[in-house]
Amino acid sequence: MGFFDDKQDWLEIVFRNYPPENRRAAVMPLLRKVQQEEGYVSEERIREIAELIGTTPTQVRGVMSFYSYYQAVPTGKYHLQVCATLSCKLAGAEELWDALRAELGIGPGEVTPDGLFSIQKVECLGACHVGPVVQVNDEPYVECVTKERLKALLEGLRAGKRLEEIELPGPCGHHVREEEA
Amino acid sequence: MSEGPIVSGRDPRFERTLYAHVGKPDAHTLDYYLSHGGYEAAKKALTQMTPDEVIEEVKRSGLRGRGGAGFPTGLKWSFMPKDDGQQHYIIMNADESEPGSFKDRYILEDDPHQAIEGMILAGYAIRATKGYIYIRGEYRKGYDRLVAAIEEAYARGFLGKNLFGSGFDFDLYVHRGAGAYICGEETALMNSLEGFRGNPRLKPPFPAQKGLFGKPTTINNVETLASVVHIVARGADWFASMGYDKSKGMKLYQVSGPAKRPGVYELPMGTTFRELIFDWAGGVKEPIKAIIPGGSSTPMLPFTDEILDTPMDYEHLAEKGSMLGTGGVILIPESVCVVDAIWNLVRFYGHESCGKCTPCREGVAGWLVKLLGQLERGQGKPGDLELIEDLLDNIEGKAFCPLADAAVWPVRGALRHFRHEFEHHIEEGTCAVHGGSRWG
Amino acid sequence: MVRLRINDREIEVPEGTSVLDAVFHAGYDVPYFCSERYLSPVGACRMCLVKVGTPRKGPDGEWIKDEDGRPKIFWFPKLMAACTTRVSEGMVVDTLADEVKKAQAGMVEFTLENHPLDCPVCDKGGACELQDRAYEYGLFEKYYTETQNGLKSVLYTRYAFTRRHADKHHKLSEFIVLDRERCIHCKRCVRYFEEIPGEEVLDFIERGVHTFIGSEEWPLPTGFSGNITDICPVGALLDLTARFRARNWEFERTPTFDLTDAAMSAIWVDSRSGKIERIRAREHPELNEIWISDAARFGHGWTKEGRLSRPLLRKDGKLVEASFEEAAAFLAERLAAVKPEAVGLYLAADGTMEEGYAFAEAARVLGTPHYGFENATRFPVSTLPAASFIDLLASEFALVVGDPAEEMPVLYLRLQEFLKGITPAPRYFHGTPIADLRLEEYMPRRPERLATFAAYPTRLFAFAGVSGVYAPGSVAALFQALLAAMNGKRLPEVPGVPEEAVREAAGRFLEAEARTIVVGADVLEDPEAAELAGEIARAKGAHVIAMPPAANARGLELAGLYPEKGAGFGEAGAKAVVYAGATPPAEALKGASLKVFALPQLDALAQAEADLVLPTKTYYEKRGLVLNAEGRLLELRPAPTAPPEAMDGIEALAFVLEALGRRVPARSVLEARTRLHERLKVPLELPEEGTLFRPRVRLPARRSGEAGGTLYLRPTMWRARMLRDERVRRALGETPLFVHPETARAEGLSEGMRVEVVTPYGQAPAVVALDGRIAPGFFQLPGYGRGTGRRVGFRILVPSGGAA
């Protein structure tokens, strides 16, 4: 069965976002849907998407491989994306990355034996004031990822908690509000 | 403090607008927005002004693009054809990806209606009945908030047909990116939106002639469009009362690195680094040696009194050999090796090069990354710095789009002010400074 | 026109010209990799950076002047890519400035950073744009490094990192191999597929320094894929038929024309040591631009195998080598027993006009009605006035009945241009624009400009606003219906085609200002349909481009070889037959007591039936005139690959006539051409690109020859002889036998079943392929150039064991 067979209503909504003669504009939302639900985009899904948007699988793969978010190989249940760019680096992102690798015993492109985790170094996530930042799957960021917070995050995820249920210790200020100034 | 241009956040005449509601509970809801004067500017423009009058007001305000390039917004809008019978598009560039920049994110998350109102205004001015918000894929919360806000706006008639009874229709869509810095470049963004690889396109034809889906299109940054809301609401004169010369209005400055209170600060254009860092960001946590003034692509400056007292605007920073960029200030502490920091940025640009043109693909993503990486690891050779500078010449101004230049400038800035640290790497094979762990 | 200055030279070029073309037009050079003629300029390689300045007008509308009173030149702050910069009035371009040289050297250095220096083992070596440009524009200061033994070796880049490693032997199809290390990312191949044949089957994968050319389609669809091996500026995309066959400078390069189909694309025949090793496209701006079909390019392998160099004579039932004297004696003896008027003289579809003249004249001398050429259609194509591809581009609407992608592949590419509304480019001193700024990537193709009908869904269907599949044999009904719709009459029924499609096609046809009708073998094999097509063209005003299945149909018809009453090529009737260049179906030999073949190599029929086989040349090796589908007269030039004793058709015919003791109408190409000149005003000398030659010809259609079976033979760009090459067989795969599912059920056939199909051309294996879109009641089989567009009788043998 095709991935999108039971998602006709959803597809219709997505295609409505673009002019009818530009169906291929929907390639990114379609790829994202697959990535979100299956953890990677297989050759089979590439073909399915090409069919849906009226182009060739080659073109879909060209687009897919252009972006960092879509994965060609399976990822863990929790795909941890660690920002490695300057501001996060100044907040210790490199040490965080090393610690994460050591803790999970995997490198990029690998999945922990329990299928829970995979890791990826990504570029600036736009949260430079609250680094280091980790993004789990397509969820809102986990910010100020100190040693303690990383520990709590991994524990929470291992315990099967949803991201927003996990309590992270310590402060992480968003210095963006007038009254804080 | 109450005469002349407003150039300090301490000036009593200065009032926060863009970020006035960021962080407040329920600020993202339509009810909150309406109870704080929301959609009044749109109503005013659509019912009392012609599109050309809106453009004229924006021109008069002196607003320049807040995405980094600083192109005058009103002028950009005036390039759009009139009465050509074609579909026009307005695109909000919410692909905020320049390292050191995180200002647009909180507008999207906490005040999405402000962004929507900016889109309506711009759409009206350039006669675009359809708008797209291209939001970077990682901004999940911003995306969720935007989608909810758009739904609310449709339900209450702020989007859709015949807005404010003016006869103007406006539809708004959100498109998510998926991790590509280059898609912040406007033509690459359009390619990405159309379902192609995010390579930049040839200009001409410019987007105003042939943009999204081949139709006349204008692309503006989130902060730019949010500023338009307040320009229309309060008038061009109010906006132009802030800032020097050709750098007018308020600006969202961002501070990251070892400041005590890193964050986003809305201040008048022309505020000094000193005020931003010490008055607003609470000072520094450790000794600082360099400032990256406006996002990673702007050349770094030394942390000196002269620089600290420089007003942060287009002209003053150009005088110091750098740029305002996105206003994203990154502080580089004494204990961090400049070579290490620059290598991190060059690596970033290398990773984000789209691969379309030779100087960027082979020069930035290939050669510059390898050579600086080698230098950083202590394997540099005498003559490497001269070679780097010669090859920077061969990249700068020669690539297809500005990304390669954005990789060149930080290297140039670092070599200009911290050449000794590079030399130390070559001579000693190691960093000039060794800090401890930076991870808490 | 726009006036501008390139270095020291003032020139005038049309508006919209790129600076790149202006530079070449002025006689200067500028290096480039990503630009290519007929493709969109993209400005990606940054090799063509030059210094550009323009004058400006002041507020008063006058040019701002410098101290000398001349318009002041404002230089652009950056160097500009010449390929994507448009010329403007008064522009000044400097291609020789130091900063330009430095930028060019820098760009060569970048390009070489990851390019392997394996030129000595690269097939492109010696014909490589990167090699040339690196030499001309590379580091102008030379850098050297000292090797261990104290020798100096040149450095091409000033830093020596490990180069990018990638797949070096990535096969894209049976015909093309990709070396990803050599790729310099010019994107010509990617753009080619999207812009020219309209197939998005190659793309960049990944990004940045990791970008590589990739495809999810394996193998690349054949048809037009080979052109990427021509346009690749380096040795990244190579022709596997020629892999490691020679260094470029060892090839004999012969400029001639392809006779696989009636378009007759201009080609280079690259041969070495008497063998054809490679075919490349040769530019002909009006004809094939720089493109040829895969069949024309990769289908040459058959020329190498089993070439005859001496006559073969049947002795004791076996063909054995004999001397020409023995052969002559044998002929004299056997022909004496045959009345001259019972001799049949037949020529291959790729015979030249001189050969055609000689055969027609010989038939007249002998008084025989039995003559003709291979694949002559029942309706003579010459009766339809010829139109050129340029006429198509000037049209607004095209009605295509047939399958151009297979019948005349180059026309299919021209149709793609037509769909995008591209008109011929201006010509410069250097020829075709290298950076034609009118061209863009992903230009929309306008389906409303095209209606197409065929006996099966063709490649063109995907691009057409109106399309329809008719049942084989109902093409006349289609034209009746179209004419009726145009005249507002009641429409006759067209089996398979809904009335709505006919009405829409007719409506759009009438709405358009300028029209072209393209007809294929289906129409030419049905005189009624062809007459109607001609009538519509005359009455409503339209150009007609006919795609005859015989390459030189127009030339041979003009030369007088179109049969009138007697037995034509492939028809039984003559008592003694001479077949030159091609063999007929076996049944055509019924009742013939003497069978003489003139062939480059033996085939199964000659092996079984020939009394005498004379060694001949292939068309690659001949001199002579040919007339393409557009009525363009072209001259073939011989590649030096024929065995020394191999004859052309004229010589073979002379050999036969002399044995008969009859007057020989022409002994040489020159003599035959002189006769053609005298009779038909055929020019004796031709320009390199040929010339339009369209005398009025009126020949009666042949009412005979319609077999009326239920096996429809589809047109294919590939020819049966090409299948001798194993590589071609592998690429084409198993031959499909198409059938409607209902018909299959009735016949007890199922998808994928392996069968043997017995046709007049022999027995061959095929695989049943069900297709609900084609008409029930018929079977369809690729014809490989034999019986194209005809319906023939056949038998299906299901081997014991049945389905696969």
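Peer 1: Help me understand the overall build of chain A in this model?
Peer 2: A count of helical and extended segments in chain A gives 7 helices and 3 strands. Secondary structure elements in chain A, listed N-terminal to C-terminal, are α-α-α-α-β-α-α-β-β-α. Judged by the C-alpha coordinates and their principal axes, chain A covers about 50 × 45 × 30 Å. Here chain A holds 181 residues, and 60% of them are scored as buried. In chain A, the share of contacts with a sequence separation of at least 24, taken over all contacts with a separation of at least 6, comes to 57%.

Peer 1: Looking at this structure, how should I read the environment of S353 of chain B?
Peer 2: Position of S353 of chain B relative to the elements: it lies in the loop between helix 14 (338-352) and helix 15 (358-376). Here S353 of chain B falls in the buried class, since its relative accessible area comes to 0%. Expressed as a C-alpha distance, the spacing of S353 of chain B and I182 of chain B, which sit 171 residues apart in the sequence, is 7.1 Å. If we skip the residues at most four places from it in the chain, S353 of chain B touches C360, R361, A365 and L403 of chain B together with R207 and G208 of chain C. Only 3.4 Å separates the side chain of S353 of chain B from the backbone nitrogen of G355 of chain B, close enough to count as a polar contact.

Peer 1: How do you make sense of the sheet that holds strand 15 (residues 266-272) of chain C when you look at a structure like this?
Peer 2: The strands making up a sheet are joined through hydrogen bonds of the backbone, oriented either antiparallel or parallel. Residue and element names in this part refer to chain C. Across the sheet, which stays open at both edges, the 3 strands sit in the order 14-15-16 with antiparallel pairing between neighbours. Only two strands of the sheet have a single partner each, and these edge strands are strand 14 (252-257) and strand 16 (275-281). With strand direction ignored, the average angle separating the axes of adjacent strands in the sheet is 30°. Pairing analysis gives 6 bridges linking strand 15 to strand 16, with the strands arranged antiparallel. Across the sheet, the residue bridging to S271 is I276, located in strand 16.

Peer 1: Looking at this structure, I do not really get the nonpolar core. What am I missing?
Peer 2: Across soluble globular proteins, nonpolar side chains show a tendency to be buried alongside one another. Of all hydrophobic cores here, the largest spans 293 residues; its most connected members are Y67 of chain A, W77, I120, I388 and F422 of chain B together with L20 of chain C. The element best represented in this core is helix 17 (residues 403-428) of chain B, accounting for 11 residues. Setting aside residues up to four positions removed in sequence, I120 of chain B forms contacts with Y39, A42, L46, F158, L159, L163, F168 and F170 of chain B. Grouped together as the second largest cluster of nonpolar side chains are 109 residues, L313, L384, A553 and A559 of chain C included.

Peer 1: Could you clarify how one ought to interpret the confidence of the model for chain B in this entry?
Peer 2: Residues shown with low pLDDT carry predicted positions that ought not to be read at fine detail. Looking at chain B as a whole, its pLDDT mean stands at 96, while 100% of the residues score no less than 70. Across the assembled chains, the prediction reports ipTM 0.96 with pTM 0.96.

Peer 1: I would appreciate a short explanation of a nonpolar patch on the surface in the present structure.
Peer 2: Residues and elements named next belong to chain B. A cluster of nonpolar residues, F71, L75 and F79, forms a patch on the protein surface that exposes about 280 Å² of accessible area. You can see L75 is positioned in helix 4 (residues 73-78). L75 gets classed as partly exposed once you look at its relative accessible area, which sits at 35%.

Peer 1: Could you clarify how one ought to interpret the pattern of salt bridges in this entry?
Peer 2: According to the stated counting rule, one finds 120 salt bridges over all chains in the structure shown. Between E361 of chain C and R663 of chain C there is a salt bridge, with the nearest N and O atoms lying 3.9 Å from each other. Of the two residues, E361 of chain C sits in helix 8 (residues 353-366) while R663 of chain C sits in the loop between helix 18 (649-660) and helix 19 (669-680), which places them 302 residues apart along the sequence. A residue is classified by how much of its surface remains accessible, and E361 of chain C, at 4% relative accessible area, is buried. The closest approach of N and O atoms between E504 of chain C and R508 of chain C, which form a salt bridge, is 2.6 Å. On the criterion of helical spacing, the pair formed by E504 of chain C and R508 of chain C is a turn pair, its members being 4 residues apart in helix 13 (residues 499-511). Through salt bridges with shared partners, one network takes in R32, D138 and E139 of chain A together with R140, D144 and R176 of chain B.

Peer 1: Even after reading the chapter, I still don't get the pairing of strand 22 (residues 450-454) of chain C, so can you show me in this structure?
Peer 2: Here is the key point about a regular strand: its side chains alternate between the two faces of the sheet. All names here are of chain C. Burial of strand 22 is extensive: 5 of the 5 residues sit out of reach of the surface. Of the two faces of strand 22, the one carrying L450, T452 and A454 and the one carrying A451 and F453 are both buried. As paired strands, strand 21 (residues 397-401) and strand 22 are joined by 4 bridges and run parallel to one another. Opposite A398, over in strand 22, you have L450 as the bridge partner.

Peer 1: Would you take a moment to explain empty space enclosed by the protein for this structure?
Peer 2: Rolled over the atoms, a probe as big as a water molecule pinpoints where empty space is left. Residues and elements named next belong to chain B. Counting across every chain of the model gives 12 cavities of 30 Å³ or more. The greatest single-element share of the lining of the largest cavity, amounting to 3 residues, is contributed by helix 14. Partitioned by chemical class, the residues of the lining of the largest cavity number 8 nonpolar, 8 polar and 6 charged.

Peer 1: Explain helix 11 (residues 409-420) of chain C to me, please; I cannot follow it from the model alone.
Peer 2: Because the α-helix completes a turn every 3.6 residues, residues three or four places apart line up on one side. Residues and elements named next belong to chain C. Over its 12 residues, helix 11 runs 17 Å from end to end, which matches the ideal 16 Å to within 8%, given 1.5 Å per residue. Here helix 11 has its buried residues at P409, V410, L411, Y412, L413, R414, L415, Q416, E417, F418, L419 and K420. Directly after helix 11, the chain includes G421, whose backbone phi takes a positive value near 75°.

Peer 1: Help me out: how do you make sense of the interface of chain B and chain C in this one?
Peer 2: When the parts of a complex come together, some accessible area is lost, and that lost area is often taken as the interface size. Across the contact, 35 residues belong to chain B and 36 residues belong to chain C. Taken together, both faces of the contact between chain B and chain C bury some 3000 Å²; the carbon and sulfur share is 53%. Linking chain B with chain C are 20 residue pairs in polar contact (both at pLDDT 80 or more), by the criterion used here. At the level of elements, helix 14, helix 15 and helix 16 (384-395) of chain B are the ones that each hand at least two residues to the side of chain B that touches chain C. Its residues assigned to classes, the side of chain B that touches chain C comprises 14 nonpolar, 10 polar and 11 charged.

Peer 1: What am I meant to see in the interface of chain A and chain B here?
Peer 2: At the interface, 59 residues of chain A touch 71 residues of chain B. Together, the buried faces of chain A and chain B total about 5100 Å²; carbon and sulfur atoms form 56% of this surface. Counting the contacts that link chain A with chain B gives 6 salt bridges. Across the salt bridge formed by E139 of chain A and R140 of chain B, the nearest N and O atoms sit 3.8 Å from each other. The tally of links from chain A across to chain B stands at 29 residue pairs in polar contact (both at pLDDT 80 or more). For the side of chain A that touches chain B, the secondary structure elements donating two or more residues are helix 2 (27-38), helix 4 (57-66), helix 5 (86-90), helix 6 (93-104) and helix 7 (147-158) of chain A.

Peer 1: It is not clear to me how the environment of K101 of chain C should be interpreted in this structure. Could you clarify?
Peer 2: Tracing the backbone shows K101 of chain C in helix 2 (residues 98-113). In the structure, K101 of chain C is positioned 397 residues away from P498 of chain C in sequence and 64 Å away in space, judged by C-alpha atoms.

Peer 1: Teacher, can you tell me more about unusual backbone geometry here?
Peer 2: A negative phi holds for most residues other than glycine; trans holds for most peptide bonds. The amide bond that connects K203 of chain B to the next residue, P204 of chain B, takes the cis arrangement and shows omega of -5°. The topology assignment puts P204 of chain B in the loop between helix 8 (186-193) and strand 5 (217-221). With a phi angle near 65°, E206 of chain C is a residue other than glycine that sits in the positive phi range. Looking at where E206 of chain C falls in the secondary structure, it is placed in the loop between strand 11 (203-205) and strand 12 (212-214).

Peer 1: Sorry if this is basic, but what is going on with the sheet that holds strand 7 (residues 263-268) of chain B here?
Peer 2: All names here are of chain B. Reading across the sheet, the 5 strands line up as 7-6-10-8-9 and stay open at both edges, with mixed pairing between neighbours. At either margin of the open sheet sits one strand with a lone partner, and together these are strand 7 and strand 9 (301-302). By the bridge criterion, 3 bridges tie strand 6 (residues 250-256) to strand 10 (residues 328-333) in an arrangement that is parallel. Counted as the bridge partner of V255 is V329 from strand 10.

Calculation criteria
Residues numbered from 1 in each chain as written. Chains lettered and ligands numbered in written order. Predicted model: local features only at pLDDT ≥ 70, side-chain atom pairs only at ≥ 80, totals over all residues. Heavy atoms only, no water. Helix = DSSP H or I, 4+ residues; strand = E, 2+ residues; numbered from the N terminus. Buried < 20%, exposed > 50% of the residue type's maximum accessible area, 1.4 Å probe, protein only. Contact = heavy atoms within 4.5 Å. Polar contact = N/O pair within 3.5 Å; in protein donor to acceptor, adjacent residues only side chain to side chain. Pairing = 2+ DSSP bridges. Axes fitted to C-alpha atoms, helices over the stretch in contact; angles between N-to-C directions. Core = buried A, V, L, I, M, F, W, Y, C linked by side-chain atoms within 4.5 Å. pLDDT = per-residue confidence, 0-100. Patch = residues over 30% accessible without salt bridge, like charges linked within 9 Å, V, L, I, M, F, W, Y side chains within 5 Å. Areas by Shrake-Rupley, 256 points an atom, 1.4 Å probe, with all protein chains shown as cover. Salt bridge = Lys/Arg side-chain N within 4 Å of Asp/Glu carboxyl O. 1 Å grid on protein atoms, 1.4 Å probe; cavity = no way out; pocket = protein on both sides within 12 Å on 5 of 7 lines; lining within 4 Å. Points joined across faces, edges and corners; volume = space filled by probe spheres on them. Nonpolar A, V, L, I, M, F, W, Y, C, P; charged D, E, K, R; others polar. Expected span 1.5 Å × (residues − 1). Buried area = accessible area lost by both parts, 1.4 Å probe.

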